[in-house]
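Structure assessment
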Amino acid sequence: MDNVLPAREEANSSSNSINGRVALIQSSGKINNISITFDTLNDTLGNPKCVFWNFSLLDGLGGWDNEGCSLVVFENETVSCNCNHLTSFSILMSPNSPKNPVLDIITYTGVGISMTSLVICFIIEAVIWRKLRRNTTSYLRHVSIVNIAVSLLIANIWFIIGAAISEADQANPPACSAAAFFIHFFYLSLFFWMLASALLLFYRTVSVFDGLSKTAMLAIGFSLGYGAPLIIATITIAVTAPKEEYIRDIEVCWLNWDESRALLAFVVPALLIVLINFIILVVVVCKLLRRRVGASAAQAAEKHVLVVIARCLAVLTPLFGSTWALGVGIMIDQTNEGIRITFAFFNSLQGFFILVFGLLLDKTVLQVA
């Protein structure tokens, strides 16, 4: 039957192929759980998926479905599956996605550079922190930079943990789901802290009076930077995890796309923040160009801080936005190596860009340090 049934599923992926014998399992009794072990037919294929033939898919045409079936172990050219129901056919399908050593080198080298850059960010901030309270806007800007760096650093750590879990011989869905949750949460935090920085810029540029205290603005920043991502990440896992549609099988500990479109819970907020930041930048630049520099040193220092924030956002916003736009491109065309390598390069070096454009290009930071 593995030579007769087509390798089609609801996601309609052309890279999938049947890589094991089709098993017809019937029973006169009531069975709620069954374990099956397959010998793989082609050892060059990877990313196994435990599936069964669902006659109701594709408007009654039928196709392979993985609902209720999960991967247990993939090792020694055998795949063990666990299903909570009996069906007409149970089969292993494998997408052909060979390892690309160049991609791995770029990713892990970039992550190492990114994490090192973020540590340097913390050292610089620790040196200049006491001298930042003189200017409220400058102080709040550095609070945003520190939290952007913290979010990215923890996300990178969980990325490494998730990679180790996904590459293990024995599948561990709970650990993989936990890694995906924290990666989702902290990457979103990075974008929401960028939004907080943009809103600070907008408020300080447009507002003609100081209506909010420093404490109030910090409370808003932390609520937006960590509260909103926590709500989105929690709702995402609560809705998709019970259906076993939260993560992408064994391929990688990241949000599911084919079955639940859970990845949209990251892509939509991130790209929406990029759009809002662009709008804010346009408004702020127009305001700054029309504003005359005051005679006092305080007014000149305030404008300098606003210009630094605007320049930082003008670089980081399109950089992060284009990076994750490439991520969407990977979901659309998973076989395009050019997109995958470009995404890995920009994604893994985000910490370096934060160090350069967030701190090193600010003359005031260098003078204080």
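Scope of this entry: the structure provided in the associated data block. (Residues numbered from 1 in each chain as written. Predicted model: local features only at pLDDT ≥ 70, side-chain atom pairs only at ≥ 80, totals over all residues. Heavy atoms only, no water.)

A word on the side chain of Thr-323
You can see Thr-323 is positioned in helix 7 (residues 297-332). Within the structure, the side chain of Thr-323 is placed 2.7 Å from the backbone oxygen of Leu-319, a separation counted as a polar contact. Contact partners of Thr-323, with chain neighbours within four places excluded, come to Phe-343, Phe-346 and Asn-347. (Helix = DSSP H or I, 4+ residues; strand = E, 2+ residues; numbered from the N terminus. Polar contact = N/O pair within 3.5 Å; in protein donor to acceptor, adjacent residues only side chain to side chain. Contact = heavy atoms within 4.5 Å.)

As for the pairing of strand 3 (residues 49-54)
Here strand 3 lies mainly inside the structure; six of its six residues are buried. Residues Lys-49, Val-51 and Trp-53 point to one face of strand 3 and Cys-50, Phe-52 and Asn-54 to the other, with burial holding for every one of them. Relative to strand 4 (residues 63-65), strand 3 is paired through three bridges, and the arrangement is antiparallel. Among the inter-strand pairings, Phe-52 is bridged to a residue of strand 4, identified as Asp-65. (Buried < 20%, exposed > 50% of the residue type's maximum accessible area, 1.4 Å probe, protein only. Pairing = 2+ DSSP bridges.)

Regarding the sheet that holds strand 5 (residues 69-75)
Overall, antiparallel pairing links the three strands, which are arranged 2-6-5 in an open sheet. Edge positions in the sheet fall to strand 2 (34-39) and strand 5, since each of these pairs with one other strand and no more. If you compare each strand with its neighbour and ignore which way they point, the axes differ by 20 degrees on average. Bridge count for strand 5 against strand 6 (residues 78-83) is six bridges, and the pairing is antiparallel. Residue pairing for strand 6: Val-73 is matched across the bridge by Ser-80. (Axes fitted to C-alpha atoms, helices over the stretch in contact; angles between N-to-C directions.)

With respect to the packing of helix 3 (residues 136-166) against helix 5 (residues 214-240)
The contact between helix 3 and helix 5 brings their axes to 11 Å, and the two run at 20 degrees. Considering the angle they form, helix 3 stands roughly parallel to helix 5. Here helix 3 and helix 5 pass one another in a crossing that is right-handed. For the pair helix 3 and helix 5, the contacting residues are Thr-136, Tyr-139, Leu-140, Val-143, Asn-147, Val-150 and Ser-151 in the first and Lys-214, Met-217, Leu-218, Phe-222 and Tyr-226 in the second. Among the residues making up the contact of helix 3 with helix 5, the classes are represented as eight nonpolar, three polar and one charged. (Parallel < 35°, antiparallel > 145°, perpendicular 65-115°, else oblique. Left-handed = near helix turned anticlockwise from the far one by under 90°. Nonpolar A, V, L, I, M, F, W, Y, C, P; charged D, E, K, R; others polar.)

Re the pattern of salt bridges
Following the criterion strictly, the structure yields one salt bridge and no others. Notably, a salt bridge pairs Asp-362 with Arg-141, separated by 3.0 Å at the nearest N-O pair. With Asp-362 in the loop between helix 9 (350-360) and helix 10 (363-368) and Arg-141 in helix 3, this residue pair connects regions lying 221 residues apart in the sequence. Of the two residues, Asp-362 and Arg-141, both sit in the buried class. (Salt bridge = Lys/Arg side-chain N within 4 Å of Asp/Glu carboxyl O.)

Side note on the pairing of strand 6
Both strand 2 and strand 6 contribute to a ladder of six bridges, which runs antiparallel. Bridging across to strand 6, Ser-35 finds its partner in Asn-82. Following strand 5, the chain reverses through two residues before pairing antiparallel with strand 6; Asn-76 in that reversal takes a positive phi of roughly 55 degrees.

Quick notes on a nonpolar patch on the surface
Residues Phe-202, Val-206, Leu-272, Leu-275, Ile-276, Ile-279 and Val-283 make up a contiguous nonpolar surface patch of about 540 Å² in total accessible area. Among the secondary structure elements, those contributing two or more residues to the nonpolar patch are helix 4 (173-206) and helix 6 (264-290). In terms of residues, the nonpolar patch owes the most to one element, helix 6, which gives five residues. Mapping Phe-202 onto the fold places it in helix 4. (Patch = residues over 30% accessible without salt bridge, like charges linked within 9 Å, V, L, I, M, F, W, Y side chains within 5 Å. Areas by Shrake-Rupley, 256 points an atom, 1.4 Å probe, with all protein chains shown as cover.)

Some details on the state of the cysteines
Under the criterion given, the structure shown has three disulfides. Across the disulfide, Cys-50 is cross-linked to Cys-81 (sulfur-sulfur distance 2.0 Å). Between Cys-50 and Cys-81, the S-S torsion sits near -75 degrees, and that sign places the bridge as left-handed. In this pair, Cys-50 is assigned in strand 3 and Cys-81 in strand 6, connecting sequence segments 31 residues apart. For Cys-69, the disulfide goes to Cys-83, at an S-S distance of 2.1 Å. Judged by the sign of its S-S torsion, about 115 degrees, the bond between Cys-69 and Cys-83 is right-handed. Placement of Cys-69 in strand 5 and of Cys-83 in strand 6 is noted, with a sequence separation of 14 residues between them. Among the residues examined, Cys-69 registers a relative accessible area of 6% and is labelled buried. With a relative accessible area of 4%, Cys-83 lands in the buried category. In the protein chain, numbering the disulfide-bonded cysteines from first to last in sequence yields the connectivity 1-3, 2-4, 5-6. Not part of a disulfide, Cys-121 finds its nearest cysteine sulfur in Cys-312, a span of 9.9 Å. (Disulfide = S-S within 2.5 Å.)

Just distances and angles here, no functional claims.
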